[in-house]
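A structural walkthrough
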Amino acid sequence: MECIANVGTPKSTVFMPKAVAVIGPIVLPHGISLLLIKYWIGILRFSARFWIIEQVSAFEAYAWLLLIFITNNTNVSKNKSCCAGIDIEDAKNVALNNDFKHLVLDYQDKFFDGVINNFVDSYANGETPLPCVKCNQTVKFSDLLNEAKKMGADALATGHYAIRKGSLNNASLHKAKDFSKDQSFFLFSTLQEQLNYVRFPLGDFKKSEIRELAKEYKLSISDKPDSQDICFVTSDSYRDLVKNLNPSVNKKGIIYDNNKNILGTHEGISNYTIGQRKGIGISGSKEALYVIDINKNQNSITLGTKEKLRRNVINFKNINWLGGNILPKRLDCSAKIRSTQVDLPGILDIDSDLGTFTFETELDKTSPGQACVFYKNDQLLGGGWITA
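Values in this document were obtained by computation on a predicted structure and should not be read as measured data.

This part covers the packing of helix H2 (residues 108–124) against helix H3 (residues 131–150). Axis separation between H2 and H3 bottoms out at 9 Å; the angle between their running directions is 160°. One way to sum up the angle between H2 and H3 is to call them roughly antiparallel. Seen along the crossing, H2 lies across H3 with a hand that is right-handed. Counted together, Lys110, Phe111, Gly114, Val115, Asn118 and Phe119 of H2 and Pro131, Lys134, Cys135, Thr138, Val139 and Asp143 of H3 form the full contact between these two elements.

As a general point, the strands of a sheet are linked pairwise by backbone hydrogen bonds and lie either parallel or antiparallel. Strand order across the open sheet formed by 4 strands is E11-E10-E13-E12, with mixed pairing between neighbours. Both outer strands of the open sheet, strand E11 (262–266) and strand E12 (290–295), are each paired with one neighbouring strand and no more. On average, each strand axis in the sheet is tilted by 25° relative to the strand beside it, whichever way the strands run. Sheet analysis places strand E10 (residues 253–256) next to E11, joined by 4 bridges and oriented antiparallel. Its bridge partner lying in E11, Gly253 is registered against His266.

Let us look at H3. Over its 20 residues, H3 runs 26 Å from end to end, which matches the ideal 28 Å to within 8%, given 1.5 Å per residue. Of all the bends in H3, the largest measures some 30° and sits at Leu144. Taken together, the buried positions of H3 are occupied by Pro131, Val133, Lys134, Cys135, Asn136, Val139, Lys140, Phe141, Leu144, Leu145 and Ala148. Once H3 ends, the next one or two residues include Gly152, with phi positive near 85°.

Attention now goes to the confidence of the model for the protein chain. Interpretation of this model should avoid reading the predicted coordinates in detail wherever pLDDT is low. Of all residues in the protein chain, 74% have pLDDT values of 70 or greater, and the mean over the chain is 77. For the stretch residues 1–59, pLDDT sits under 50, and the model shows 222 contacts to residues farther than four places along the chain or on other chains. In this model residues 70–84 is a low-confidence stretch, pLDDT under 50, and it forms 34 contacts with partners more than four residues away in sequence or in other chains.

What counts and what doesn't
- Residues numbered from 1 in each chain as written.
- Predicted model: local features only at pLDDT ≥ 70, side-chain atom pairs only at ≥ 80, totals over all residues.
- Heavy atoms only, no water.
- Axes fitted to C-alpha atoms, helices over the stretch in contact; angles between N-to-C directions.
- Helix = DSSP H or I, 4+ residues; strand = E, 2+ residues; numbered from the N terminus.
- Parallel < 35°, antiparallel > 145°, perpendicular 65-115°, else oblique.
- Left-handed = near helix turned anticlockwise from the far one by under 90°.
- Contact = heavy atoms within 4.5 Å.
- Pairing = 2+ DSSP bridges.
- Expected span 1.5 Å × (residues − 1).
- Bend = angle between axes of the 7 residues up to and from the residue.
- Buried < 20%, exposed > 50% of the residue type's maximum accessible area, 1.4 Å probe, protein only.
- pLDDT = per-residue confidence, 0-100.

What follows is the structure, given as structure tokens:
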């Protein structure tokens with residue numbers, strides 16, 4: 001049975017954990033009232049809520065802060081500043097005021113190895129990374145989850161907007177109630193055994209409802225802004241970070257058109273992504289030009305018109321399947337290749353660790369390094385890393 005109970009659920013139907021390890025929310029089964037905690041953890045921001053129950057001696061709850069990225073950049077805009085000391089103090093004060101344990105885990109090296117290095121390497125290889133997925137895949141649901149198990153916790157609750165359904169052994173992943181905040185896309189790489197262990201208490205609420213609850217319980221941090229863009233990129237462009245960590249990546253190369261005519265030169269393939277239109281440095285064309293190909297081996301980029309970006313077949317690898325025991329050869333379902341787009345219908349075809357998705361209609365293609373995530377109604381079936 002679930003570790004999370006909705007208000008009004010009979011006590012007899014609730015599994016009572018002896019300990020709940022928490023990142024983001026604190027989940028206490030069978031609640032009387034709802035309380036939101038919003039705090040900033042190094043570079044991470046989570047909206048979180050926890051249940052307060054009548055007999056708090058029935059369980060033990062911990063709130064963990066992940067210290068994983070610190071910046072001394074004083075020019076960071078407020079909506080990106082996730083690393084300030086005051087944010088950690090905010091979390092500490094909320095924990096003290098509400099009488100639960102507050103721990104700080106220093107995962108800076110783990111985050112750098114698992115997320116930032118991958119981010120830089122992806123751009124150097126002509127790809128466009130998904131750092132939020134990598135963070136979930138490594139730091140949160142690997143290192144942190146293992147830490148939770150070591151302490152004897154029965155569950156790890158996070159502040160992701162997604163819904164987990166099912167038992168303790170065959171959980172399924174679904175879209176959040178608030179589609180505008182749904183984060184299931186970024187959780188596609190979660191392994192089945194990890195999904196069995198984690199909980200997503202925010203998934204049944206809209207973000208606006210969570211903020212109202214924060215105000216109701218008079219939390220001083222309830223109006224802090226949401227995080228924006230890539231939270232560890234503290235300047236105006238990711239290119240600054242890539243250049244600082246790997247200066248050799250910016251090698252001049254040729255810019256071609258779709259017919260292999262030379263249009264000019266570029267300052268390094270890491271400065272470009274598939275579909276990019278602005279900042280290319282090429283003018284004079286009658287039609288708008290977009291980056292339609294990045295070739296690492298030739299250190300070149302190719303430009304073309306909008307129609308050259310359109311396609312309906314997406315290829316991917318390293319598939320993670322959460323839709324049951326049987327991987328389908330062909331399945332009618334839906335998919336999306338961007339977190340913000342609506343999933344569109346088509347045919348999923350899987351062969352071992354490789355797959356293709358054929359959409360019923362064409363859409364703008366995206367870069368290798370991004371993800372194709374498939375759904376059946378509101379259930380996330382799985383996903384893979386786009387190759388072409």
